[in-house]
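Chains, contacts and geometry: an overview
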Amino acid sequence: MAGLIAQFILIALVVVVAGTLLARFADQVGLITGMGRSMAGVVLLALATSLPELLVGCKAAMIPAVDLTLGDLLGSSLFNLLILAVLDLCTKTHGAALSKAASAHALSAVSGILLTAVVLFFLLVKFPGTFLRLGPGSWFLLITYLFCLRLIFFDQQYALSQAPQAAETPTMSRAKSLTGYLLSAAVIFVAAPKLASVASELADISGLGRTIVGTLFVAFITSLPEAVTTLTALRMGATDLAIGNIFGSNAFNMLIFVGVDFFYDGSLFAAAAPTHAVTAAMVIFVTAVAIQGMLYRAEKRLWIVEPDAALLVVLVVAALSVVFWMSH
């Protein structure tokens, strides 16, 4: 047990270092390519920081450990929202994360709700059949994600054309920023695969079960890249990069179900435990509250506490507690 926990800590340290560098390089790539910080967060950071969930999920599907996979992906979305709320509480600037300045990311957040709703539906309505190794739920998720990504891209292009921002000068060369981004992503890519087997062993030894271990422990570790990159982006003053990373990662987490389903021998959603439907519903509910916090115009604090962020923390903790209670 001690050895397995030590492996968890070691992987976490590696991910923290790689995630810190990743945010800086992704920010530069966004500036150099003209993609902008919003799309860099939604695409570049979300893709790279979701690599642990992708690799853990695919490996767990081959073990097979379906409940570990689903618990990781849905639990990671909850932890990402918790990260957003906690960082908002810790930032000195008023409304740095959950404010009307971040309302441009509401479309990304709604896309995450839509994709999670698709997952929830196919968790409740079982379709055992597959086509080209993918179940109906995975095909629907893939089409929905591509549609949402297209909407986000054109929406942000329109926003930039209506209110162009002052161009920022990159501090790195194209070669250095791209190389740094790829190397940082590769470190996360290499560090993640061992996590699935370690978590599976922990679930067996502790007796907690794969659903709760996936939703709490694995989801926490695989959310570390989002936590580190979001904190780094906020410290750089790149709020768009930070918010885009969180909501982009949550949307990409749902897309990962497609890859996991491909490696699973059968229909992934049909084999899932019913507890995951509760987690999916919690993700939808908490994300909706986060959107309200972004769109609500009257910005008020209670002393030094941001009430919207504090409410998100309470809701996520309550959601994880419900999942833990239902797993016993």
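Residues numbered from 1 in each chain as written. Predicted model: local features only at pLDDT ≥ 70, side-chain atom pairs only at ≥ 80, totals over all residues. Heavy atoms only, no water.

**Remarks on the packing of helix α3 (residues 51-62) against helix α11 (residues 239-263)**
Quick note on the threshold: Fitted lines through C-alpha atoms give the axes, limited to the stretch in contact for helices. The angle between two N-to-C directions lies from 0 to 180 degrees. Strands here are runs of E lasting at least two residues and helices are runs of H or I lasting at least four, both read from the DSSP assignment and numbered beginning at the N terminus. Relative orientations are named as follows: roughly parallel for angles under 35 degrees, roughly antiparallel for angles over 145 degrees, roughly perpendicular for angles from 65 to 115 degrees, and oblique for any other angle. Left-handed describes a crossing in which the near helix is turned anticlockwise from the far one by less than a right angle; the clockwise case is right-handed. Here, residues are in contact when the closest pair of their heavy atoms is within 4.5 Å.
Packing of α3 against α11 brings their axes to within 8 Å, and their N-to-C directions diverge by 30 degrees. Between α3 and α11, the angle falls in the class roughly parallel. Crossing geometry of α3 relative to α11 is assigned as right-handed. Every residue of α11 that contacts α3 at E53, L54, G57, C58, A61 and M62 is listed here: N253, I256, G259, V260 and F263.

**Looking at the nonpolar core**
Test applied: Here, nonpolar core means buried Ala, Val, Leu, Ile, Met, Phe, Trp, Tyr and Cys residues that are tied together by side-chain atoms lying within 4.5 Å of each other. In this scheme, a residue with accessible area under 20% of its type's maximum is buried, one over 50% is exposed, and one in between is partly exposed, where area comes from a 1.4 Å probe on protein chains only.
Of all hydrophobic cores here, the largest spans 73 residues; its most connected members are V119, L123, L141, Y181, F247 and F257. Examining the composition of this core, we find that 13 residues originate from one element, α11, more than from any other. Apart from residues no more than four positions distant in its own chain, V119 is found in contact with L74, L141, M254, F257 and F269.

**Regarding unusual backbone geometry**
Within the chain, L132 stands out as a residue other than glycine whose phi angle is a positive 55 degrees. Assignment of secondary structure puts L132 in the loop between α5 (106-124) and α6 (136-162). In this model, R133 sits at a positive phi of 70 degrees, which is unusual for a non-glycine residue. With respect to the helices and strands, R133 occurs in the loop between α5 and α6. Taking relative accessible area as the criterion, R133 reaches 40% and is therefore assigned partly exposed.

**Regarding the environment of F79**
Considering the arrangement of structural elements, one finds F79 in helix α4 (residues 66-90). The exposure class assigned to F79 is buried, which follows from its relative accessible area of 11%.

**With respect to helix α13 (residues 307-326)**
Basically, it comes down to this: To estimate how far a helix should extend, the number of its residues minus one is multiplied by 1.5 Å. It is the directions from the helix axis to the C-beta atoms whose arc is reported.
With 20 residues, α13 should reach 28 Å at 1.5 Å per residue; the first-to-last C-alpha distance of 28 Å fits that figure. Within α13, the full set of buried residues consists of A309, L312, L315, V316, A319, L320 and V323. Looking straight down α13, one finds that the buried residues subtend no more than 130 degrees of arc, so they occupy a single side. Those residues of α13 that are exposed and angled more than 90 degrees off the buried face are V314 and W325.

**Observations regarding the packing of aromatic side chains**
Formally: Side-chain rings of Phe, Tyr and Trp, where Trp is taken by its six-membered ring, are said to pair if the distance between their centres is within 6.5 Å; with planes under 30 degrees apart they count as stacked, over 60 as edge-to-face, and otherwise as tilted. Charge-over-ring placement is defined geometrically: NZ (Lys) or CZ (Arg) within 6 Å of the ring centre, and within 35 degrees of the ring normal.
One pass over the structure, following the stated rule, counts eight aromatic pairs. Feature note: the residues F121, F122, F127, F140, F257 and F269 constitute an aromatic cluster, connected by ring pairs. Over the ring of F262 we find R133; its NZ or CZ atom is 5.4 Å from the centre of that ring.

From the geometry alone we can't say anything about function, so treat these as descriptive.
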